[in-house]
Amino acid sequence: MKEKLEQIVNEALSKINESDQLEKLSDIKTQFLGKKGELTAVLKGMKDVAPQDRPKVGQMVNDARAKIEEVLEEKKTSFERARRAEKMKKEVIDVTLPGRQLGRGHRHPNTIALEEVERIFVGMGYEVVGGPEIEYDYYNFEALNIPEGHPAKDEQDTFYINDEILLRTQTSSVQVHMMEQGKLPIRMISPGRVFRSDDVDATHSPSFHQIEGMVIDKNITFADLKGTLELFAQKLFGKDTKVKFRPHHFPFTEPSAEMDVSCFKCGGKGCRFCKGEGWIEILGCGMVHPHVFEMSGIDPNEYTGFAFGVGLERIALLKYEIDDMRLLYENDIRFLEQF
Ligand code: DAH
């Protein structure tokens, strides 16, 4: 029995010594110490040992098991140590390596243009206000003097949610909210997203942005409108910019006009940029219509005001000489990085 045990131990130790992988150790463990292992088999043979010899033989089996376990453990530790050393060698950090550059974000041309417009008007004492994109027909049309059946209603292809509620087609709706609040005088601009059921092309999109402006006070005249918008154009496009007002029609203003600016590329001589015109159309404006005042509870005999609406994308496209509006929505990083 003793010889048999010694033989098992020797065999186990030489297998452990020969093993070249951590994983093999567990096979060896199973082979000798496992439930069906060789040492266990010896234990099972105890029933044939004379009762008085059993404690001694038991002790010998335990010693053999302890020896095998001890050597297994040592070998395991040495494998682990070697593995760790190898890993450390591989993962060595080269502190002289240059750091990775973090990409810097860029402001969107729309954002740059908007901030510039806001800066100009805030500098003139205007407040910047917001309004809902989902709007009642009343605010988008009716209170702006565009009643049911008015042709102007069909000019703007509207996304309706139901009979009463729509996606606003113009930021002019915010004028009504401001007037309803009744805090006069008013000097505000309201930038925001508007929606029209248009197909996408170089100059159209179902969703774009406008900036609305409105001033209401006593004795506001068309001269105030002209002076304000001329200053705006000069701050935006350069101090030599000239402006021209052409009569136009909007239901919510009377009189109404469209304002052109002299082409800032050719100074008005006519070039490819302004299509030979020398002038570039930039915004719609006018004196707030008495009906619009009355609908929102302001007395048109006491107060007058002017309003204007400008397309944000149009300003961004002009300022940065971008010839296709789709570029503003695709958000190609290579495009945006130029700003
Ligand atoms: N809401 C007009 C549009 O979308 C733009 C506009 C024109 C706004 C004249 C105004 C204005 O406030 O007075 O075409």
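Higher on the page you've got the structure.
Residues numbered from 1 in each chain as written. Predicted model: local features only at pLDDT ≥ 70, side-chain atom pairs only at ≥ 80, totals over all residues. Heavy atoms only, no water.

*Asks:* Residue-level account of the sheet that holds strand β9 (residues 304-311), with values.
*Replies:* What the seven strands build is an open sheet, ordered β1-β4-β5-β9-β8-β7-β6; its pairing is mixed. Of all the strands in the sheet, just β1 (127-128) and β6 (243-250) have a single pairing partner and so form its edges. Relative to strand β7 (residues 253-262), β6 runs antiparallel, the two sharing seven bridges. Within β7, the residue paired with V243 across the bridge is V261. Helix α5 (residues 109-123) rests against β1, β4 (186-195), β5 (207-217) and β9 of the sheet, and its axis sits at about 165° to β4. (Pairing = 2+ DSSP bridges. Helix = DSSP H or I, 4+ residues; strand = E, 2+ residues; numbered from the N terminus. Contact = heavy atoms within 4.5 Å. Axes fitted to C-alpha atoms, helices over the stretch in contact; angles between N-to-C directions.)

*Asks:* Please give an account of the nonpolar core that cites residues and values.
*Replies:* Within the largest apolar cluster, 41 residues are counted, with the highest numbers of intra-cluster contacts made by L229, F232, M259 and L283. Top contributing element to this core by residue count: helix α9 (residues 222-237), with six residues. For L229, the residues in contact, after removing those within four places along its chain, are F245, M259, L283, C285 and F308. Listed in part, the 24 residues of the second largest apolar core include I146, V174, V288 and Y303. (Core = buried A, V, L, I, M, F, W, Y, C linked by side-chain atoms within 4.5 Å. Buried < 20%, exposed > 50% of the residue type's maximum accessible area, 1.4 Å probe, protein only.)

*Asks:* So what about the site of the ligand? Which residues, and what values?
*Replies:* With respect to spatial proximity, 15 residues lie near the ligand, and among them Q170, Q175, R196, Q210 and E212 are the closest. The separation between a nitrogen atom of the ligand and a polar side-chain atom of Q170 is 2.8 Å. In this structure, an oxygen atom belonging to the ligand sits 2.8 Å away from a side-chain N or O atom of Q210. In isolation the ligand has 350 Å² of accessible area, and contact with the protein removes 90% of it. A class-by-class count of the residues in the shell around the ligand yields five nonpolar, eight polar and two charged. (Near = heavy atom within 4 Å. Polar contact = N/O pair within 3.5 Å; in protein donor to acceptor, adjacent residues only side chain to side chain. Areas by Shrake-Rupley, 256 points an atom, 1.4 Å probe, with all protein chains shown as cover. Nonpolar A, V, L, I, M, F, W, Y, C, P; charged D, E, K, R; others polar.)

*Asks:* Help me get a handle on the packing of aromatic side chains, residues and values and all.
*Replies:* The full count for this structure, using the stated rule, is eleven aromatic pairs. Between F335 and F339, the ring centres sit 5.2 Å apart and the planes meet at 65°, which makes this aromatic pair edge-to-face. The class for F339 is partly exposed, based on a relative accessible area of 24%. The structure contains a cluster of three or more aromatic residues connected by ring pairs, namely F121, Y126, F232, F306 and F308. Across from the ring centre of F273, 6.0 Å away, lies the NZ or CZ of K265, which sits over that ring. (Phe/Tyr/Trp six-rings, centres within 6.5 Å; stacked < 30°, edge-to-face > 60°. Lys NZ or Arg CZ within 6 Å of the ring centre and 35° of its normal.)

*Asks:* Lay out the pattern of salt bridges with the relevant residues and their values.
*Replies:* Pairing is possible between side chains of opposite charge, provided their charged atoms come close. In the structure shown here, the tally under the stated rule is 13 salt bridges. Where R246 meets E258, a salt bridge forms, and the shortest distance between an N and an O atom there is 3.2 Å. Here the residue R246 occupies a position in strand β6, and E258 occupies one in strand β7, the gap between them amounting to twelve residues. The class for R246 is partly exposed, based on a relative accessible area of 27%. Residue class for E258 comes out buried when judged on its relative accessible area of 11%. Among the ionic contacts, a cluster of salt bridges with common partners joins D137, E148 and K153. (Salt bridge = Lys/Arg side-chain N within 4 Å of Asp/Glu carboxyl O.)

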